[in-house]
Amino acid sequence: MDSYVIGVDYGTLSGRAVVVRVGDGATVGEAVHDYRHGVIERRLPSSGAALPPDWALQVPADYVDVLKIAVPAALAASGVPASSVIGIGTDFTASTPMPVKADGTPLCELPEFADRPHAYVKLWKHHSAQPHAERINAVAAERGEPWLARYGGRISSEWEFAKGLQLLEEDPEIYAATDIWIEAADWIVWKLGGTYVRNACTAGYKAIRQDGAYPDKDYLAALNPEFAGFVEEKLAGPIGALGDRAGGLTAEAAAWTGLPAGIAVCVGNVDAHVAAATAQATRPGRMVAIMGTSTCHIMNSDVLAEVPGMCGVVDGGIVAGLWGYEAGQSGVGDIFGWFVEHGAPASAHEEAAARGLDLHDLLSERAAAQPVGAHGLIALDWHSGNRSVLVDHELSGVIVGLTLATRPEDIYRALLESTAFGTRTIIETFEAAGVPVGDLIIAGGLAKNAFLMQIYADVTGRTLDVLASAQGSAVGSAIHAAVAAGAYPDVHAGADAMGGVQRAVYRPDPDRKAAYDELYAEYVTLHDYFGRGTNDVMHRLKRIQRKVHAS
Ligand SMILES: Nc1ncnc2c1ncn2[C@@H]1O[C@H](COP(=O)(O)OP(=O)(O)O)[C@@H](O)[C@H]1O
Ligand SMILES: O=C(CO)[C@H](O)[C@H](O)COP(=O)(O)O
């Protein structure tokens, strides 16, 4: 009889469960559950209190609902008997940390802290810890901290240390009440398997764990004397390798999910990195771009190099035994979504509705009718800040070239192109640092937009492979679950058997590539002008905005 594994992908707005067959990796059932509270950006649901700009919170109970609702629904859709399921694996957005008590209870679930924003989960795109990140970077550079180069020279405001320092300095009482500062990726594994294990991926990329150690006490004290114990008191814990078994499914989690108690629960993972298994990119040299709300670029390598502005290089960060590289763009689908929601006029909505089209498809269709450069626009893709290679979330979006003749599809196209230029900047930075990048493998929800994919092929001059599964992360988690359950000796073997890629789906067109080279040169000029300090207007605007909101 066939065996099956469950993969659960915790995204920004929803959690998706898949049931995958061990052996050929076929997805036989799936279900999605939207988080009840979604992303909390404006008001705290408990009190209605307004949140400052650049906040993004979540509610941990929403994650448990995915186990209670999406997992049984996926199983029912598959028709697979629960007794055939041998393991469950999960992946999460990151860095998405939360304060919990020693038994794993989130502080926001304690009545006395329910009205305190800092008691909640800080989602990856909670960007208000930028001033803290700046200090983390300045102090590290001044002291010559050896780990800084492993993060391209800059630690991001999206990560555990910046968010932890913000917690200490803005709500010391919640900081003091925090026994463990834990990634949601590890918290959900704790809920499933009953064991507290920090996964090697988030510990490395998001919590500055290098060569088996976190930043030392002296450095932390230099940031703030009260922060000296952050690692020892709030982060310390056992580390699990990706694909290892973290524990057996508890009776409580078995009741939630309908799965057999005791089956393997895999060590946590990150939504981007876990997709390398589905993309069969577990060996050196193939970059996977996981393109959705944001984009993560991940790649295994056997060489250790310092790539300026990468998110990080971590030993075993993607697959045990190799150096895993990560870079990324904080806003991609989010930028397109923003324009569709706030920039598309009523006439576009009406046409889309009349033709039964999604607005993205309508604007893509109209934009595809233009030759490269016809709209006369260049945009910077920084509406959610810049994750790589500038690592600065006080940067913001720009569109140059607007005239009275500019139409919505022109702007939409310029925004699509801006993100492709951002990816090209990342690839060129890797190559300049001595890390060769071959063709790209595309995973994530945006792979469905063929026009966008062709732009990426033309802008980067690279052939694009596309994942066979539309659920690269969830299937990646399922592959890791199969390894944790002992079906394969390691993640390479699991990926070889259960992953799958369609080769050379998009190829660059030489004429369009040449036309884009000219536009890319303009992008680089703007990128450096606004992003490397020639004109700090974006920082000044953020400061003014904060002042106004604080008054
Ligand atoms: N056809 C499309 N073309 C371009 N962007 C799209 C399209 N459909 C949805 N999006 C954008 O894709 C993002 C969602 O991507 P998805 O991969 O499903 O989610 P996530 O990254 O959260 O896992 C949203 O930001 C949305 O605005
Ligand atoms: O930074 C990350 C991984 O390192 C985040 O998980 C990611 O950017 C959010 O993912 P998505 O766009 O799929 O919601």
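Above: the structure in question.
Residues numbered from 1 in each chain as written. Chains lettered and ligands numbered in written order. Predicted model: local features only at pLDDT ≥ 70, side-chain atom pairs only at ≥ 80, totals over all residues. Heavy atoms only, no water.

Quick notes on the overall build of the protein
Using the following cut-off: A run of H or I in DSSP becomes a helix once it reaches four residues, and a run of E becomes a strand once it reaches two; helices and strands are each numbered from the N terminus. For the radius of gyration, the atoms used are the C-alpha atoms, and the globule rule reads 2.2 Å times the number of residues raised to 0.38. Exposure classes here rest on a 1.4 Å probe applied to the protein chains alone. A residue is buried below 20% of its type maximum, exposed above 50%, and partly exposed in between. Accessible surface is estimated by sampling points in the Shrake-Rupley manner with a 1.4 Å probe; for residues, cover comes only from the protein chains shown.
In terms of helices and strands, the protein carries 19 helices and 21 strands. Taking 2.2 N^0.38 as the reference for a compact globule, 551 residues should give roughly 24 Å; the C-alpha atoms of the protein span a radius of gyration of 22 Å, in line with that estimate. By its C-alpha atoms, the protein is 65 × 60 × 50 Å across when sized along the principal axes. Out of the 551 residues belonging to the protein, those deemed buried represent 61%. Of the roughly 19,300 Å² that the protein leaves accessible, carbon and sulfur atoms contribute 52%.

Here's the deal with the pattern of salt bridges
Between side chains of opposite charge, a pair can form as their charged atoms come close. Heads up, the condition is: Each reported salt bridge corresponds to a side-chain nitrogen of Lys or Arg within 4 Å of a carboxyl oxygen of Asp or Glu.
According to the stated counting rule, one finds 30 salt bridges in the structure shown. Across the pair R366 and E409 runs a salt bridge, and its minimum N-O distance is 3.1 Å. In this pair, R366 is assigned in helix α13 (residues 359-368) and E409 in helix α14 (residues 408-432), connecting sequence segments 43 residues apart. Owing to a relative accessible area of 23%, R366 belongs among the partly exposed residues under this scheme. A relative accessible area of 15% means that E409 is categorised as buried. Its salt-bridge partner being D465, residue R503 comes within 3.1 Å of it at the nearest N-O pair. Of this pair, R503 sits in strand β21 (residues 501-506) while D465 sits in strand β20 (residues 464-467); the two residues are 38 residues apart in sequence, bridging distant segments of the chain. Put simply, E351, R355, E365, R366 and E409 are held in one network by salt bridges that share partners.

With respect to the pairing of strand β19 (residues 440-443)
What counts here: For two strands to be treated as a pair, DSSP must find at least two bridges joining them. A clockwise course of the path from the first strand over the helix to the second, judged with the strands pointing away from the viewer, identifies a crossover as right-handed.
Burial along β19 is two-sided: L440 and I442 facing one way and I441 and A443 facing the other are all buried. Examined bridge by bridge, strand β13 (residues 287-291) and β19 share four bridges and lie parallel to one another. Across the sheet, residue M287 finds its bridge partner in β19, namely L440. Bridge count between β19 and β20: three bridges; the pairing is parallel. Bridge assignment links I442 to a residue of β20, and that residue is V466. The parallel pair β19 and β20 is bridged by helix α15 (residues 450-460), and the resulting crossover is right-handed.

Side note on α14
Heads up, the rule is: In this analysis, the expected span of each helix is defined as 1.5 Å times one less than the number of residues it contains.
With 25 residues, α14 extends 36 Å between its outermost C-alpha atoms, agreeing within 8% with the 36 Å of an ideal straight helix rising 1.5 Å per residue. Counting buried residues along α14, 22 of its 25 residues qualify, which places the element largely inside the surrounding structure. Looking one or two residues past α14, G434 carries a phi angle of roughly 90 degrees, positive in sign.

Structural notes on the site of ligand 1
Under the convention used in this document: Nearness here has a simple test: a residue counts as near a molecule or strand if at least one of its heavy atoms is within 4 Å of that partner. In the analysis that follows, any N or O atom pair within 3.5 Å is treated as a polar contact, provided that within protein one partner can donate a hydrogen and the other can accept it, and provided that, for residues neighboring in sequence, both atoms belong to side chains.
In the neighbourhood of ligand 1, 14 residues make up the surrounding shell, with T293, G333, D334, G445 and N449 lying closest. N449 places a side-chain nitrogen or oxygen 3.0 Å from a nitrogen atom of ligand 1. Here ligand 1 has 590 Å² of accessible area as a free molecule, and 72% of this is covered by the chains. For the shell around ligand 1, the elements supplying multiple residues, two or more each, are α11 (333-342) and α13. Ranked by the residues each element gives to the shell around ligand 1, the list is headed by α11, at four residues.

Side note on the packing of α13 against α14
Stated formally: To obtain an axis, a line is fitted to C-alpha atoms, over the contacting stretch when the element is a helix, and the angle between two such axes runs from 0 to 180 degrees between their N-to-C directions. Should an angle lie under 35 degrees it is considered roughly parallel, over 145 roughly antiparallel, and from 65 to 115 roughly perpendicular; all remaining angles are considered oblique. Between two residues, a contact is recorded if the distance between any of their heavy atoms is within 4.5 Å. Classification used: nonpolar for Ala, Val, Leu, Ile, Met, Phe, Trp, Tyr, Cys and Pro, charged for Asp, Glu, Lys and Arg, polar for all others including Gly.
Where α13 meets α14, the closest approach of the two axes is 9 Å, and the angle between their N-to-C directions is 95 degrees. Judged by the angle between their axes, α13 and α14 are roughly perpendicular. Along its contact with α13, which presents H360, L363, S364, R366, A367 and A368, the element α14 presents P408, E409, Y412 and R413. In terms of residue class, the contact of α13 with α14 is made up of five nonpolar, two polar and three charged.

A few points about the packing of α14 against α15
Selection criterion: Each helix crossing is assigned a hand: it is left-handed if the near helix lies turned anticlockwise from the far helix by less than a right angle, otherwise right-handed if that turn is clockwise.
As a packed pair, α14 and α15 sit with axes 9 Å apart at the nearest point and diverge in direction by 40 degrees. In this view, α14 runs oblique relative to α15, as classed from their interaxial angle. Seen along the crossing, α14 lies across α15 with a hand that is right-handed. Contacts between α14 and α15 involve R413, L416, E417, T419, A420, F421, T423, R424 and I427 from the first element and F451, L452, I455, Y456, V459 and T460 from the second. Residues belonging to the contact of α14 with α15 are distributed by class as follows: nine nonpolar, three polar and three charged.

Remarks on the site of ligand 2
Neighbouring ligand 2 are 13 residues, the closest being T12, A94, K206, S294 and E326. One of the side-chain nitrogen or oxygen atoms of T12 is found 2.5 Å away from an oxygen atom of ligand 2. E326 has a polar side-chain atom sitting 2.6 Å from an oxygen atom of ligand 2. Within the complex, the protein chains bury 92% of what would otherwise be the 370 Å² of accessible surface of ligand 2. Split into classes, the residues belonging to the shell around ligand 2 amount to four nonpolar, five polar and four charged.

Side note on the sheet that holds β19
An order of β15-β16-β14-β13-β19-β20-β21 is seen for the seven strands of this open sheet, with the pairing classed as mixed. The open sheet terminates on both sides in strands that have one partner only, identified here as β15 (312-315) and β21. Strand-to-strand twist across the sheet, computed as the mean angle between neighbouring axes with direction ignored, equals 25 degrees. Bridging between β13 and strand β14 (residues 295-301) involves four bridges; their strand directions are antiparallel. Each bridged residue has a counterpart across the sheet, and for A289 the counterpart in β14 is H297. Contacts from α14 reach β13, β14, β16 (323-329) and β19 within the one sheet, and its direction differs from that of β16 by about 150 degrees.

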